[in-house]
Amino acid sequence: MIYSAQDFKFNPPRKVAFARRILIKPDASVVAAHPATTSRETLAAVIAGIRRHSDADIIFLEGPSVSERAHEVFKQLGYDFPRVIAVDVRDCSYVEVENLLPKPFVLQSIWVPNVVLSCDFLISVSSFRVVDEATCGFTLKNMLGLLPAAKYGPGLSLLREKFHRLDLHGLIADLYFTLPCDLGIIDSRLRQVGGRVEPFGRVFVGDPAEVDARAAQLAGVRARYLDLIEMGRSMLLHRDSIENVEAPSAND
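Residues numbered from 1 in each chain as written. Predicted model: local features only at pLDDT ≥ 70, side-chain atom pairs only at ≥ 80, totals over all residues. Heavy atoms only, no water.

A. Inspection of the overall build of the chain at higher detail. Check the secondary structure of the chain and you find nine helices and nine strands. Taken over C-alpha atoms, the radius of gyration comes to 18 Å for the chain, in line with the 18 Å a tight globule of 252 residues would show. Its C-alpha atoms give the chain principal-axis dimensions of roughly 60 × 45 × 35 Å. Across the 252 residues in the chain, those meeting the buried criterion constitute 50%. (Helix = DSSP H or I, 4+ residues; strand = E, 2+ residues; numbered from the N terminus. Rg over C-alpha atoms; globule rule 2.2 N^0.38 Å. Buried < 20%, exposed > 50% of the residue type's maximum accessible area, 1.4 Å probe, protein only.)

What follows is the structure, given as structure tokens:
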């Protein structure tokens with residue numbers, strides 16, 4: 001769904017009412033104004049919507065690309081929300097999670113902060129920024145900020161050393177199947193396409209792959225990781241169909 005940003009009220013899925021811990025991944029790796037980061041207004045609307053239905057713990061998790069800790073970055077961005085816990089990826093313990101795909105695009109397993117696995121609902125709130133088609137990405141690309149620098153290096157530098165040419169889109173697709181995101185929100189009060197920033201006044205809410213596809217369409221670019229996700233879904237369907245055929249029946 002696409003809403004007017006001016007009167008945006010977040011109506012969370014019913015599952016939120018039963019959650020004990022809700023994790024929000026904002027687009028906030030640096031201290032910079034929207035659309036380089038998620039706007040305070042959109043995050044405030046998301047929190048207000050959650051609070052109308054739930055008293056769950058709300059956690060903001062980010063891996064800043066600067067030396068400041070996440071809570072310092074959040075404070076400078078105006079994310080001073082009551083009853084919200086600020087957590088820095090660098091301060092977490094990490095857990096290795098197996099990729100569900102039988103043939104991963106880049107990584108067989110992915111290290112993620114342990115706090116992610118303890119949460120019942122995960123929301124990625126990204127801004128609308130498209131610098132070029134090669135690096136195009138929205139809510140699902142925002143999830144890369146959860147990958148710990150201790151394992152992959154700042155800016156995924158250790159991965160770039162391991163793979164001569166890191167397939168960014170393949171990595172996003174792998175993360176999609178390893179660490180499912182429950183809801184995607186694209187904050188496009190302003191949007192950046194290329195070097196141009198312009199008012200747009202919209203907020204996208206829905207399935208992460210679907211809202212990313214809609215945003216890419218509106219920007220006139222191709223988000224290749226969405227094609228890879230479709231390939232991944234086909235892989236899983238094919239694997240499941242083979243397993244169902246090979247499974248012995250009750251009469252055997």
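We are not done yet, so read on.
B. View of the nonpolar core. Counting residues in hydrophobic clusters, the biggest one holds 52 residues, and the most contacted among them are Leu61 and Phe138. Per-element tally for this core: the top contributor is helix H7 (residues 168–178), with seven residues. Phe138 has contacts with Ser126, Ser127, Phe128, Arg129, Val130, Ile186, Asp212, Ala215, Ala216 and Tyr225, leaving out every residue within four places of it along the chain. (Core = buried A, V, L, I, M, F, W, Y, C linked by side-chain atoms within 4.5 Å. Contact = heavy atoms within 4.5 Å.)

C. Looking closely at the environment of Leu107. When you line up the elements, Leu107 lands in the loop between strand E5 (94–98) and strand E6 (109–113). For Leu107 and Gly206, which are 99 residues apart along the polypeptide, the C-alpha to C-alpha distance reads 27 Å.

D. Seen up close, the pattern of salt bridges. Applying the stated criterion across every chain, the model contains 14 salt bridges. For the salt bridge of Asp88 with Arg69, the shortest nitrogen-to-oxygen distance reads 3.8 Å. You can see Asp88 sitting in strand E4 (residues 84–88) and its partner Arg69 sitting in the loop between strand E3 (57–62) and helix H2 (70–76), a full 19 residues away along the chain. Residue class for Asp88 comes out buried when judged on its relative accessible area of 3%. (Salt bridge = Lys/Arg side-chain N within 4 Å of Asp/Glu carboxyl O.)

E. The side chain of Asp174, seen in detail. Considering the arrangement of structural elements, one finds Asp174 in helix H7. When residues no more than four places from it in sequence are discounted, the contact partners of Asp174 are Asn99, Leu101, Pro104, Phe105, Val106, Leu107 and Ile110.

F. Broad picture of the packing of aromatic side chains. The full count for this structure, using the stated rule, is eleven aromatic pairs. Arranged with centres 6.1 Å apart and planes meeting at 90°, the rings of Phe60 and Tyr79 form a pair that is edge-to-face. With a gap of 19 residues between them, Phe60 in strand E3 and Tyr79 in the loop between H2 and E4 connect regions that are remote in the sequence. The same class applies to Phe60 as to Tyr79, namely buried. Centre to centre, the rings of Tyr79 and Phe81 are 6.4 Å apart; their planes meet at 20°, and the pair counts as stacked. For the residue pair Tyr79 and Phe81, the accessibility class agrees, reading buried in each case. A connected cluster of aromatic rings, assembled from ring pairs, spans Phe60, Phe74, Tyr79 and Phe81. Cation over ring: Lys151 sits above Trp111, and NZ or CZ is 4.0 Å from the ring centre. Residue placement shows Arg191 over the ring face of Phe128; its charged tip is 5.6 Å from the ring centre. (Phe/Tyr/Trp six-rings, centres within 6.5 Å; stacked < 30°, edge-to-face > 60°. Lys NZ or Arg CZ within 6 Å of the ring centre and 35° of its normal.)

G. Spotlight on the sheet that holds strand E8 (residues 183–193). Reading across the sheet, the seven strands line up as E1-E9-E8-E7-E2-E3-E4 and stay open at both edges, with mixed pairing between neighbours. With one partner strand each, in any of the chains shown, strand E1 (2–4) and E4 form the two edges of the open sheet. On average, each strand axis in the sheet is tilted by 25° relative to the strand beside it, whichever way the strands run. In the sheet, E8 pairs with strand E9 (residues 196–206) via nine bridges, with the strands oriented antiparallel. Across the sheet, Val193 pairs through a bridge with Arg196, a residue of E9. (Pairing = 2+ DSSP bridges. Axes fitted to C-alpha atoms, helices over the stretch in contact; angles between N-to-C directions.)

H. Spotlight on unusual backbone geometry. Following His34, the chain continues to Pro35 via a peptide bond in cis, the omega torsion being 15°. A positive phi angle is found at Arg83, which is not glycine, with a value near 60°. Judged by relative accessible area, which is 54%, Arg83 ranks as exposed. Positioned with a positive phi, Leu156 is a non-glycine residue whose angle comes to about 60°. You can see Leu156 is positioned in the loop between helix H5 (149–152) and helix H6 (157–162). Here Leu156 falls in the buried class, since its relative accessible area comes to 12%.

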